[in-house]
Number of protein chains: 2
Amino acid sequence: MLENIRVVLVNTSHPGNIGGAARAMKNMGLSRLVLVDPQDFPSHEASARASGADSILENAQVVATLEDALVGCTLVLGTSARDRRMPWPMLDPRECGVHAVDRAAEGGEVALVFGREYAGLTNDELQRCHYHVHIPSDPDFSSLNLAAAVQVLCYEVRMGWLASQGQSKRADKVEVASPRSEQLSTMDELELFYGHLESTLVQIGFLNPENPRHLMSRLRRLFARSAVSQSEMNILRGILTETQKAARGEPHKRRSEDV
Amino acid sequence: MLENIRVVLVNTSHPGNIGGAARAMKNMGLSRLVLVDPQDFPSHEASARASGADSILENAQVVATLEDALVGCTLVLGTSARDRRMPWPMLDPRECGVHAVDRAAEGGEVALVFGREYAGLTNDELQRCHYHVHIPSDPDFSSLNLAAAVQVLCYEVRMGWLASQGQSKRADKVEVASPRSEQLSTMDELELFYGHLESTLVQIGFLNPENPRHLMSRLRRLFARSAVSQSEMNILRGILTETQKAARGEPHKRRSEDV
């Protein structure tokens, strides 16, 4: 489905940017590059920056005009600075990624269009786009490198694609704690640990059972946040056991070898 | 607030990537660049690729070790491939941006850490990170250019920042972790703790320095998940000190009364 999405670079000056764009595309799973009247292509510098994405350069289509590049497209998204005089439907990169993927999934052909390094797209070119896409940047230093701009939009296409495949959480349903495959300690194992910890702290003289203050509740909170696994619990219990032996002056063996 | 977020590049080979990273940062409103043992800096090539972001290069801090680069940080996010053997809390770039902005808004210092062009971060370096960040990429061609990776994470930081400022139309309700009012331990305080913990485990005979296995990395992971506060750190350090005294057979006082 990502093969329905093409990247179009208009009148690029620096071949290094073409190579950088090709690499960014391939990293994100895109493959179709169309070059409108590039100033220097093919070139060694493009291949060097592509760094393994040569296949994209070899298969790149070189055309004379933007019109040629957009043949067959039902959705054209053109990058633009925010403050153009032209009032046009404007998307941010995230919306662009979702929209491109939705259209491609329906079988439509989609183009992401990037302008010249210094001058961007002309007004005439911008008017061929269904939407303009603005990459949010510091207004005092707003012009992204061309390959960097390609990277951001291709990244958002991939995020949109992963979400559509159910391989990624949707932006509005992000859960932070990435699930762990380890078996977590049960509540009863935790209680045994806290009991062991408390008696050890008394034994080494850190906890006065007659004036315990909030010490144990603070330690419980710390370990609760961590969601201790069963194998971690074995380590913690082992440390406590060795601490007790040391406090009693007993000889020890080197336990880390069992871990 | 964005000034609380630093970009750390570890042992970068190509000065062009340093320049590209500086430009990406400045585009996204970030300014603090820290270079750990760069192979070629300052350099003409870095300045050329920075293309107007020279101020970031001029103010870049060059340090010898990752530890130096992380002084004062309470949140360290390290880029990583997905399929490492090391199970670690993993964020996608979007979560990374939200989390970094949340922490910076609370006044915390945040580091985004990027590894070497070909080898990434070492396991030791990855273990100093609270979270690993994976930029989703095509598994068949997964290695992003360094400056492109910096661009993606800085872009997500800006998207998170715009949302936090109410300047973004889609205010993602992404909550990473419920904010805690306590002051969190900094990376340097955590490293001192891990050093103290390790020597204590050797002293009580739980850790064999000649065959440490993965014990310390497993304990680092456990405490990293917990985001230890400074007052909790005082308790943990106090426990270690009393454990050492007990192991030496010294008399103790009842410390919980001071907590």
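The rules behind these values
The residue numbering used here restarts from 1 in each chain and proceeds along that chain's sequence as written. Both sets of labels track the order of writing: A upward for chains, 1 upward for ligands. Local features in this predicted model are restricted to residues whose pLDDT is 70 or higher, and side-chain atom pairs enter the listing and the counts only when it is 80 or higher, whereas totals over whole chains, interfaces and linings include all residues. Only hydrogens and water are set aside; all other atoms, that is, all heavy atoms of the structure, feed into the side-chain values. UniProt positions are given in the numbering used here, feature names are shortened, and annotations may be inferred rather than shown by experiment. We call Phe, Tyr and Trp rings a pair once their centres come within 6.5 Å, taking the six-membered ring for Trp, and we label the pair stacked below 30 degrees between planes, edge-to-face above 60, and tilted otherwise. Burial classes follow relative accessibility: with a 1.4 Å probe on protein chains only, a residue under 20% of its type's maximum area counts as buried, one over 50% as exposed, and anything between as partly exposed. A ring has a charge above it when a Lys NZ or an Arg CZ is no more than 6 Å from the ring centre and no more than 35 degrees off the ring normal. Every case where a carboxyl oxygen of Asp or Glu lies within 4 Å of a side-chain nitrogen of Lys or Arg is listed as a salt bridge. Counting from the N terminus, the helices are DSSP H or I runs at least four residues long and the strands are E runs at least two residues long. For two strands to be treated as a pair, DSSP must find at least two bridges joining them. It only takes one pair of heavy atoms within 4.5 Å for two residues to be counted as in contact. Working convention: axes come from line fits to C-alpha atoms, limited for helices to the stretch in contact. Angles between N-to-C directions cover 0 to 180 degrees. Here the buried area means the combined drop in accessible surface, using a 1.4 Å probe, for two parts upon being joined, counting both sides. N or O atoms closer than or at 3.5 Å make up a polar contact, with two conditions inside protein: a donor-capable atom paired with an acceptor-capable one, and, for residues adjacent in sequence, both atoms drawn from side chains. Ten residue types, Ala, Val, Leu, Ile, Met, Phe, Trp, Tyr, Cys and Pro, are classed as nonpolar, four, Asp, Glu, Lys and Arg, as charged, and the remainder, Gly among them, as polar.

- The name recorded for chain A in an unreviewed UniProt entry is tRNA (cytidine/uridine-2'-O-)-methyltransferase TrmJ, from Pseudomonas turukhanskensis.
- If you open the UniProt record of chain A and go to Subunit (unreviewed entry), you find "Homodimer."
- Recorded in UniProt for chain A, the comment headed Subcellular location (unreviewed entry) runs: "Cytoplasm".

## Focus: the packing of aromatic side chains
For any pair of aromatic rings, the description rests on two quantities: the centre-to-centre distance and the angle between the ring planes.
And step 1. Overall, the coordinates contain six aromatic pairs over all chains when judged by the stated rule.
And step 2. The interplanar angle of 50 degrees and the centroid separation of 5.5 Å between the aromatic rings of Phe193 of chain A and Tyr194 of chain A together place this pair among those described as tilted. Tyr194 of chain A carries the same exposure label as Phe193 of chain A, and that label is buried.
And step 3. With a relative accessible area of 2%, Phe193 of chain A lands in the buried category.
And step 4. Here the aromatic residues Phe193, Tyr194 and Phe223 of chain A together with Phe193, Tyr194 and Phe223 of chain B are joined through ring pairs into a cluster of three or more.
And step 5. Stacked on the ring of Phe141 of chain B, the Lys or Arg Lys26 of chain A has its end atom at 4.8 Å from the ring centre.

## Focus on the pattern of salt bridges
And step 1. All told, the structure shown has 22 salt bridges over all chains when counted by the stated rule.
And step 2. Between Arg103 of chain A and Glu106 of chain A there is a salt bridge, with the nearest N and O atoms lying 3.5 Å from each other.
And step 3. Among the ionic pairs, Glu191 of chain A bridges to Arg220 of chain A, the shortest N-O distance being 2.9 Å. Of this pair, Glu191 of chain A sits in helix H8 (residues 187-203) while Arg220 of chain A sits in helix H9 (residues 215-226), and the two are 29 residues apart along the sequence.
And step 4. By relative accessible area, Arg220 of chain A is classed as partly exposed at 32%.
And step 5. One connected set of salt bridges, linked through shared partners, spans Glu67, Asp124, Arg128, Glu191 and Arg220 of chain B.

## Focus: the sheet that holds strand S5 (residues 90-91) of chain A
Residue and element names in this part refer to chain A.
And step 1. Taken in spatial order, the seven strands make up an open sheet running S3-S2-S1-S6-S4-S7-S5, and their pairing is parallel. Two strands bound the open sheet, and with one partner strand each, they are strand S3 (61-63) and S5.
And step 2. Judged from the three bridges that link them, strand S2 (residues 32-36) and S3 form a sheet pairing that is parallel. Directly across from Val36, in S3, lies its bridge partner Val63.
And step 3. Of the strands in this sheet, strand S1 (5-10), strand S4 (73-79), strand S6 (109-114) and strand S7 (131-133) touch helix H7 (residues 146-164), which is tilted by about 150 degrees from S6.

## Describing unusual backbone geometry
And step 1. Phe41 of chain A connects to Pro42 of chain A through a cis peptide bond whose omega is -5 degrees.
And step 2. Even without being glycine, Arg213 of chain A reaches a positive phi, approximately 50 degrees.
And step 3. Within the fold, Arg213 of chain A resides in the loop between H8 and H9.
And step 4. A relative accessible area of 43% places Arg213 of chain A in the partly exposed class.
And step 5. The backbone phi angle of Ala227 of chain B is positive, close to 50 degrees, even though this residue is not glycine.

## Let's talk about the interface of chain A and chain B
And step 1. Taken together, the contact pairs 81 residues of chain A with 86 residues of chain B.
And step 2. When chain A packs against chain B, the two sides together hide about 7100 Å² of surface, and 57% of this comes from carbon and sulfur.
And step 3. The interface formed by chain A and chain B holds three salt bridges in total.
And step 4. The shortest N-O distance in the salt bridge between Arg225 of chain B and Glu232 of chain A comes to 2.8 Å.
And step 5. Connecting chain A to chain B are 21 residue pairs in polar contact (both at pLDDT 80 or more).
And step 6. Considering every element that reaches the side of chain A that touches chain B, the biggest residue donor is helix H10 (residues 230-247) of chain A, with 10 residues.
And step 7. Across the side of chain A that touches chain B, the residue classes tally to 38 nonpolar, 20 polar and 23 charged.

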